Amino acid sequence: MKLEKLKPKKSLGQNFLKDEAVLDRIIKAANLSKEDVVVEIGPGHGALTEKLAQVCGKVIAIEIDERLVEVLHTKLVDNQNIEIIAGDILKINLPELIIEHGLDKTGYKVVANLPYYITSPIIRLLLETKYPPTEMVVMVQKEVAERIVAKKGAMSILAVSVQYYAKAEFLFTVFKESFEPMPKVDSAIIRITQNIEHETITKEATKKFFRIVKSGFSAKRKTLINNLSNGLQLEKKLVEEKLVSLGFSPNTRAQELGVEDWRKLAELF
Ligand code: SAM
């Protein structure tokens with residue numbers, strides 16, 4: 001089928017980038033060399049895919065929409081270093097795909113304009129998978145980007161979840177006019193760089209860390225003491241003592257703590 005005849009599927013977050021200058025800025029931000037293998041999620045019409053292939057060693061692009069996969073196969077047939085995989089990023093066996101391509105040894109990067117309806121699950125998957133990318137340069141909704149890179153005072157479970165595994169940076173805003181069809185809100189490009197130290201953290205420690213974080217954020221308007229004592233079934237006095245020992249006031253709220261604070265807190269329980 002011809003590209004022009006394909007009706008974009010809103011349900012799959014199909015807002016295609018039409019602004020060449022933005023595509024070039026993404027490529028520049030990704031800072032790729034011919035040594036790099038890039039996994040792209042949702043190549044769409046292949047606009048970013050083609051530009052990636054010019055500057056990196058290989059692009060492995062995973063697309064859920066069979067209609068687009070067919071178009072991409074035809075359009076990119078001459079590009080030896082692009083491999084299109086038909087599939088749902090949340091359902092395919094990612095570690096298996098990584099091993100098949102030898103990326104567990106060489107490492108890989110993710111560069112993508114993510115489908116907005118599953119941004120958080122995709123980022124979470126990539127951070128928690130057995131072989132995470134060394135770096136992700138991804139487009140997300142601007143508001144989500146701001147939440148991911150938030151600092152102490154404006155933290156959320158999303159911010160803690162990403163910053164536990166990685167360093168997150170806001171790179172630049174992409175206005176909604178750069179897409180076809182035009183979405184309702186602006187987007188932004190962020191860079192998420194894996195934090196190697198976390199490889200040493202055990203599964204049990206991670207589980208415990210997130211149990212405490214989730215308890216801390218359970219009721220937005222309540223103080224951390226209240227949330228933690230309810231969630232962890234502990235005496236308020238005991239929770240207060242631990243918080244104060246870390247230098248926090250009894251009125252502290254979950255959004256005021258950074259990842260390091262949560263880690264210290266988790267060690268105390
Ligand atoms: N990369 C293209 C661009 O920048 O113009 C398209 C980006 S568009 C925001 C998101 C793309 O992700 C669409 O092509 C959509 O079909 C695809 N997609 C949606 N859900 C997906 C999933 N679960 N797995 C893989 N691709 C998905």
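Residues numbered from 1 in each chain as written. Predicted model: local features only at pLDDT ≥ 70, side-chain atom pairs only at ≥ 80, totals over all residues. Heavy atoms only, no water.

**Student:** Go over the overall build of the protein with me, naming the residues and quoting the values.
**Tutor:** Helices and strands together make up the secondary structure of the protein, namely 12 helices and 9 strands. Projected onto its principal axes, the C-alpha positions of the protein cover 65 × 40 × 30 Å. Within the span of the protein, comprising 269 residues, buried residues form 49% of the whole. Long-range pairs, those at least 24 residues apart, make up 65% of the contacts in the protein with a sequence separation of at least 6. For the protein, the accessible surface area stands at approximately 14100 Å², while carbon and sulfur atoms represent 52% of it. (Helix = DSSP H or I, 4+ residues; strand = E, 2+ residues; numbered from the N terminus. Buried < 20%, exposed > 50% of the residue type's maximum accessible area, 1.4 Å probe, protein only. Contact = heavy atoms within 4.5 Å. Areas by Shrake-Rupley, 256 points an atom, 1.4 Å probe, with all protein chains shown as cover.)

**Student:** Report on the site of the ligand, specifying residues and quantitative values.
**Tutor:** Residues in close proximity to the ligand total 23 residues, the closest being L17, G42, E63, N113 and Y117. In the model, a nitrogen atom of the ligand is placed 3.0 Å from a nitrogen or oxygen of the I89 main chain. The side chain of Y117 places a nitrogen or oxygen atom 2.8 Å from a nitrogen atom of the ligand. Across the complex, the protein chains shield 99% of the 600 Å² of accessible surface that the ligand would expose by itself. Of all elements in the fold, only β1 (16-17) and β3 (58-63) reach the threshold of two or more residues within the shell around the ligand. Its residues assigned to classes, the shell around the ligand comprises 12 nonpolar, 7 polar and 4 charged. (Near = heavy atom within 4 Å. Polar contact = N/O pair within 3.5 Å; in protein donor to acceptor, adjacent residues only side chain to side chain. Nonpolar A, V, L, I, M, F, W, Y, C, P; charged D, E, K, R; others polar.)

**Student:** Help me get a handle on the nonpolar core, residues and values and all.
**Tutor:** Counting 59 residues, the largest nonpolar core has V110, I148, I192, F209 and W262 as the members making the most contacts within it. Among the elements that line this core, the one with the most residues is helix α8 (residues 157-165), at 6 residues. Composition of this core by domain shows at least three residues from each of domain 1 (12-200) and domain 2 (203-268). Grouped together as the second largest cluster of nonpolar side chains are 28 residues, L17, V22, V59 and V111 included. (Core = buried A, V, L, I, M, F, W, Y, C linked by side-chain atoms within 4.5 Å. Domains from an automatic or database assignment.)

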